[in-house]
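Working through the structure, step by step
This is what each chain is made of:
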Amino acid sequence: SQQGEEDPQALSIQEGENATMNCSYKTSINNLQWYRQNSGRGLVHLILIRSNEREKHSGRLRVTLDTSKKSSSLLITASRAADTASYFCATDAGDYKLSFGAGTTVTVRA
Amino acid sequence: DGGITQSPKYLFRKEGQNVTLSCEQNLNHDAMYWYRQDPGQGLRLIYYSQIVNDFQKGDIAEGYSVSREKKESFPLTVTSAQKNPTAFYLCASSRLSGNTGELFFGEGSRLTVL
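The paragraphs below set out a description of the structure included in this document. (Residues numbered from 1 in each chain as written. Chains lettered and ligands numbered in written order. Predicted model: local features only at pLDDT ≥ 70, side-chain atom pairs only at ≥ 80, totals over all residues. Heavy atoms only, no water.)

Secondary structure summary: chain A contains 0 helices and 11 strands in total. Reading the helices (α) and strands (β) of chain A from amino to carboxyl end gives β-β-β-β-β-β-β-β-β-β-β. A compact globule built from 110 residues should have a C-alpha radius of gyration of about 13 Å, and chain A, at 13 Å, falls within 12% of that. C-alpha extents for chain A along the principal axes are approximately 40 × 30 × 20 Å. Across the 110 residues of chain A, 45% fall into the buried class. For chain A, contacts bridging at least 24 residues in sequence account for 53% of all contacts bridging at least 6. (Helix = DSSP H or I, 4+ residues; strand = E, 2+ residues; numbered from the N terminus. Rg over C-alpha atoms; globule rule 2.2 N^0.38 Å. Buried < 20%, exposed > 50% of the residue type's maximum accessible area, 1.4 Å probe, protein only. Contact = heavy atoms within 4.5 Å.)

Below is the structure:
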């Protein structure tokens, strides 16, 4: 079953703008992870946030986690054309596997 | 370089044929996973393995089979019992710890049934 749901399904922004996408999930988690997928390629891990953390940064990425609302957000600042990709959240519910959402497709216009 | 290698990248199959997708990792990871991805959708877990000679069904195991005879290898067989096998298949691995950490993915195998 797919635990996470991303919102929006698709996002189109101008280069230099910020992109924000959200992920909601249903059960309690140990951690939540974000991945990027370029068209036709494998997924690449971006960031992991544990259930006892509220915010995490990595370069131009900022992730927040609200366990009371069972939601997370991924912010990409100062977007570039190379950020065009699909972004997925994945949750670890303590059962030794990750459950992925359907993803947000981000298009960065030059 | 360390990583995960999937082969073949593209595969065509006639209905009624079994096909095997290869997945090899040299990261010394204990856990390995197979996911299926359909156009515009997320990943659905087919099978996963935490240790050699042991594996568990994921959410959509029907019509698929796996083996884990070696730590570095986790092949997936798509059998003729899988009614809609055309999809993008992704293999991944991770270190085995108390929680599921970062997954490392291969570049995928695209299977088309003619």
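There's plenty left to go through after this.
Once that is clear, we can look at the overall build of chain B. The secondary structure content of chain B amounts to 0 helices and 11 strands. Each helix and strand of chain B, ordered N terminal to C terminal, gives the series β-β-β-β-β-β-β-β-β-β-β. Since a compact globule built from 114 residues should have a radius of gyration of about 13 Å, the 13 Å found for chain B is in line with a globular shape. Dimensions of chain B, computed from the C-alpha atoms along their principal axes, are close to 40 × 25 × 25 Å. Relative to its full complement of 114 residues, chain B shows a buried share of 50%. Counting only contacts in chain B whose residues sit at least 6 apart along the sequence, the fraction spanning at least 24 positions is 53%. The averaged location of the 12 negative side-chain charges in chain B is 6 Å from the averaged location of its 12 positive side-chain charges. (Lys, Arg positive; Asp, Glu negative; His and termini not counted. Charge placed at Lys NZ, Arg CZ, Asp CG, Glu CD.)

Before going further, it helps to spend a moment on the pairing of strand β2 (residues 10-13) of chain B. Residues and elements named next belong to chain B. Alternating positions in β2 separate cleanly, L11 and R13 being buried on one face and Y10 and F12 remaining unburied on the opposite face. Of the pairings in the sheet, the one linking β2 to strand β11 (residues 109-113) comprises 4 bridges and is parallel in character. Bridged to F12 within β11 is T112. (Pairing = 2+ DSSP bridges.)

Quick look at the interface of chain B and chain A now. Facing the 27 residues of chain B at the interface are 22 residues of chain A. Taking both sides of the interface into account, the surface hidden between chain B and chain A amounts to around 1,900 Å²; carbon and sulfur atoms contribute 50%. For the interface between chain B and chain A, the tally reads 1 salt bridge. At the junction of chain B and chain A, the tally comes to 5 residue pairs in polar contact (both at pLDDT 80 or more). Contributing elements (two or more residues each) for the side of chain B that touches chain A: β4 (31-37), β5 (43-51) and β9 (87-94) of chain B. With 5 residues, the top contributor of residues to the side of chain B that touches chain A is β5 of chain B. (Buried area = accessible area lost by both parts, 1.4 Å probe. Salt bridge = Lys/Arg side-chain N within 4 Å of Asp/Glu carboxyl O. Polar contact = N/O pair within 3.5 Å; in protein donor to acceptor, adjacent residues only side chain to side chain.)

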